[in-house]
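One letter stands for each residue in the lines below.
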Amino acid sequence: MAMLITGGAGFIGSNFVHYMLQHHPEHPIVNFDALTYAGNLESLRDIEDHPSYRFVKGDITNPDDVERAMQLGVDIILNFAAESHVDRSIMDPGVFAKTNVLGTQVLLDAARRHGVKKYLQVSTDEVYGTLSPSDPAFTEQTPLAPNSPYSASKAGADLMVRAYHETFGLPVNITRCSNNYGPYHFPEKLFPLMILNALEDKPLPVYGDGLQVRDWLHVSDHCRGIYLVAEKGVPGEVYNIGGNNERANIDVVKTILQILGKPESLIQHVKDRPGHDRRYAIDATKIRRELGWEPKYTFDTGILETVTWYLANEKWWSAVRSGSYMEYYEAQYKDRVKA
Ligand code: NAD
Ligand code: DAU
């Protein structure tokens, strides 16, 4: 089964490429990525010469680029490519609508044209909106109620995927996963940002009271779930993926400080994110029961391993944080005065 993996130079995409080449090298892979600020071929340096792997630079919103990749022979499309950071979607929503909605529709057209065996959309729990502390976790039946430009664009993409199944009979699946953490995570996101700031004794900017809750899953558990859905998911179905690891942000930050032996005085409560979702929690009963998926990591083993990875991979993250990242950091945090 030849796979087109879009966004394979990003955080989850690059972990998925590694996962596939390690566990299922029989599937030829084309990694199709525009190499935006979030795409990094250094994350794939160790496998770039693997006989089952090939990289094609291209933009999912450009039908000609996509067609060029499809000509290589594709049985399954897995769409990881997206603008993925909520804070950036608040600064500049337009590119989120373009990449996440239009890009998905361009890929769906290519999938139809070439009669692929499966189109898998990597989506997010954020499309369900937010939960109060007493609400039950999101199931696949929870209505979509996105609150940020990012999550609205992901919900729009999900609806387009659904429509191509209903209207054209395209064999699709959608996976909706909770927050990932692990290696090759771009340092604009909570986990790597806090690890790297703590290592350098810089303030750790916690939004608002820090009591917002996320449901953390190690990225390799997510990748295994995606592969299972691609292989065995019933066409037209949505599968939630999550590990029952709800944690308040402030507790995640304190755990990172503890592992690194750094003081809690580094924590700085700053102005909250507008429209900040209070709590996410995933009910993953369906994928567990129907496809036999189980997470392998506990939060304690995963967080320790992740902090250790950043300690061992300074070359990777120091290159990522040069240049335009520092400009983004300055623009994002300069007005977030102490709360
Ligand atoms: P990321 O931002 O790290 O990577 C996105 C990748 O997509 C980059 O390599 C980038 O170059 C590429 N890309 C962006 N625009 C493109 C375009 N127009 N054409 C081709 N490539 C393009 O994102 P991530 O965290 O790895 O997320 C991957 C997917 O998983 C996204 O769809 C995201 O919505 C979803 N998701 C993420 C999480 C999470 O916790 N990170 C959780 C659930 C779902
Ligand atoms: O739930 C899945 C989603 O998880 C994915 O769809 C998104 O692509 C991914 O970015 C992630 O979204 P979040 O907004 O939850 O992740 P982020 O790492 O940006 O923030 C996690 C929490 O930490 C959130 O409540 C905001 C808070 N935060 C984040 C940053 C960057 C802070 O308190 N301070 C920060 O500096």
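Read on for an overview of the structure. Note that the coordinates shown come from a computational prediction; the quantities given were computed from them, not determined experimentally.

## Section: the overall build of the protein
- Helix and strand content of the protein: twelve helices and 13 strands.
- Over its C-alpha atoms the protein spans a radius of gyration of 19 Å, differing by no more than 12% from the 20 Å that the globule rule assigns to 339 residues.
- The principal-axis extents of the C-alpha atoms in the protein amount to approximately 55 × 45 × 35 Å.
- Considering only contacts within the protein whose residues lie at least 6 apart along the sequence, 83% involve residues at least 24 apart.
- For the protein, the exposed area adds up to about 13900 Å²; of that, 52% sits on carbon and sulfur atoms.

## Focus: the pattern of salt bridges
- The final tally for this structure, using the stated rule, is 19 salt bridges.
- Lys286 serves as the salt-bridge partner of Glu237, at 2.6 Å between the closest nitrogen and oxygen. Separated by 49 residues along the polypeptide, Glu237 in the loop between helix H7 (219-232) and strand S11 (238-241) and Lys286 in helix H9 (residues 285-291) bring together distant segments of the chain.
- A residue is classified by how much of its surface remains accessible, and Lys286, at 12% relative accessible area, is buried.
- With a closest N to O distance of 2.7 Å, Arg288 and Glu294 form a salt bridge.

## Some details on the nonpolar core
- Among the nonpolar cores identified, the biggest contains 66 residues, and Phe16, Leu78 and Tyr119 are the most heavily contacted of them.
- Setting aside residues up to four positions removed in sequence, Tyr119 forms contacts with Ile77, Asn79, Thr104, Leu107, Leu108, Ala111, Val161, Leu170, Pro171, Val172 and Asn173.
- By size, the runner-up hydrophobic cluster in this structure holds 36 residues, among which are Val252, Ile267, Trp317 and Val320.

## A few points about the pairing of strand S6 (residues 172-177)
- Counting buried residues along S6, six of its six residues qualify, which places the element largely inside the surrounding structure.
- Where burial is concerned, the two faces of S6 agree: the one with Val172, Ile174 and Arg176 and the one with Asn173, Thr175 and Cys177 are both buried.
- Relative to S6, strand S5 (residues 118-124) runs parallel, the two being bridged by six bridges. Within S6, the position partnered with Gln121 by the bridge is Ile174.
- As paired elements, S6 and S11 share four bridges and run parallel to each other. Opposite Thr175, over in S11, you have Tyr239 as the bridge partner.

## With respect to the packing of helix H1 (residues 11-23) against H7
- Where H1 meets H7, the axes come as close as 9 Å, and the angle between the chain directions of the two elements is 70°. Regarding the angle of H1 to H7, the classification is roughly perpendicular. Here the hand of the crossing between H1 and H7 comes out right-handed. On H7, the residues that touch Phe11, Ile12, Asn15, Phe16, Tyr19 and Met20 of H1 are Val219, His222, Cys223, Arg224, Ile226 and Tyr227.
- Counted by class, the contact of H1 with H7 contains nine nonpolar, two polar and one charged residues.

## Some words on the packing of helix H4 (residues 94-113) against helix H5 (residues 149-168)
- At their nearest, the axes of H4 and H5 sit 8 Å apart, and the two run at 20° to each other. By the angle class used here, H4 and H5 are roughly parallel. Our pair here, H4 against H5, has a crossing hand that is right-handed. Only Tyr150, Ser153, Lys154, Ala157, Met160, Val161, Tyr164 and Phe168 of H5 make contact with H4, whose side of the interface consists of Phe96, Ala97, Asn100, Val101, Thr104, Gln105, Leu108, Asp109 and Arg112.
- Along the lines of polarity and charge, the residues of the contact of H4 with H5 split into ten nonpolar, four polar and three charged.

## Section: helix H2 (residues 63-70)
- Taken together, the buried positions of H2 are occupied by Asp65, Val66, Ala69 and Met70. Along H2, the residues classed as buried sweep out an arc of 140° about the axis, all on the same side.
- Looking at the buried positions of H2, the neighbouring elements they touch are strand S1 (3-6), strand S2 (29-33), strand S4 (76-79) and H4.
- Between a side-chain oxygen at the N-terminus of H2 and the backbone nitrogen of Asp64 the separation is 2.9 Å; the capping residue is Asn62.

## Observations concerning the packing of aromatic side chains
- This model, assessed by the stated rule, comprises 22 aromatic pairs.
- Summarising the aromatic geometry, the rings of Trp309 and Trp316 are spaced 5.5 Å apart at their centres and angled 70° between planes, so their arrangement reads as edge-to-face.
- Judged by its relative accessible area of 15%, Trp309 is buried.
- Among the aromatic side chains, those forming a connected cluster through ring pairs are Tyr37, Phe186, Tyr207, Tyr325, Tyr328, Tyr329 and Tyr333.
- Positioned above the aromatic ring of Phe168, the side-chain terminus of Arg112 is 3.5 Å from the ring centre.
- Across from the ring centre of Tyr207, 3.9 Å away, lies the NZ or CZ of Arg336, which sits over that ring.

## Quick notes on the pairing of strand S8 (residues 204-207)
- On S8, burial covers both faces: Leu204 and Val206 on one face and Pro205 and Tyr207 on the other are all buried.
- As paired elements, S8 and strand S13 (residues 267-270) share four bridges and run parallel to each other. Residue pairing across strands places Tyr207 opposite Val270, the latter belonging to S13.

Criteria and cut-off values
Residues numbered from 1 in each chain as written. Chains lettered and ligands numbered in written order. Predicted model: local features only at pLDDT ≥ 70, side-chain atom pairs only at ≥ 80, totals over all residues. Heavy atoms only, no water. Helix = DSSP H or I, 4+ residues; strand = E, 2+ residues; numbered from the N terminus. Rg over C-alpha atoms; globule rule 2.2 N^0.38 Å. Contact = heavy atoms within 4.5 Å. Areas by Shrake-Rupley, 256 points an atom, 1.4 Å probe, with all protein chains shown as cover. Salt bridge = Lys/Arg side-chain N within 4 Å of Asp/Glu carboxyl O. Buried < 20%, exposed > 50% of the residue type's maximum accessible area, 1.4 Å probe, protein only. Core = buried A, V, L, I, M, F, W, Y, C linked by side-chain atoms within 4.5 Å. Pairing = 2+ DSSP bridges. Axes fitted to C-alpha atoms, helices over the stretch in contact; angles between N-to-C directions. Parallel < 35°, antiparallel > 145°, perpendicular 65-115°, else oblique. Left-handed = near helix turned anticlockwise from the far one by under 90°. Nonpolar A, V, L, I, M, F, W, Y, C, P; charged D, E, K, R; others polar. Arc of directions from axis to C-beta. Polar contact = N/O pair within 3.5 Å; in protein donor to acceptor, adjacent residues only side chain to side chain. Phe/Tyr/Trp six-rings, centres within 6.5 Å; stacked < 30°, edge-to-face > 60°. Lys NZ or Arg CZ within 6 Å of the ring centre and 35° of its normal.

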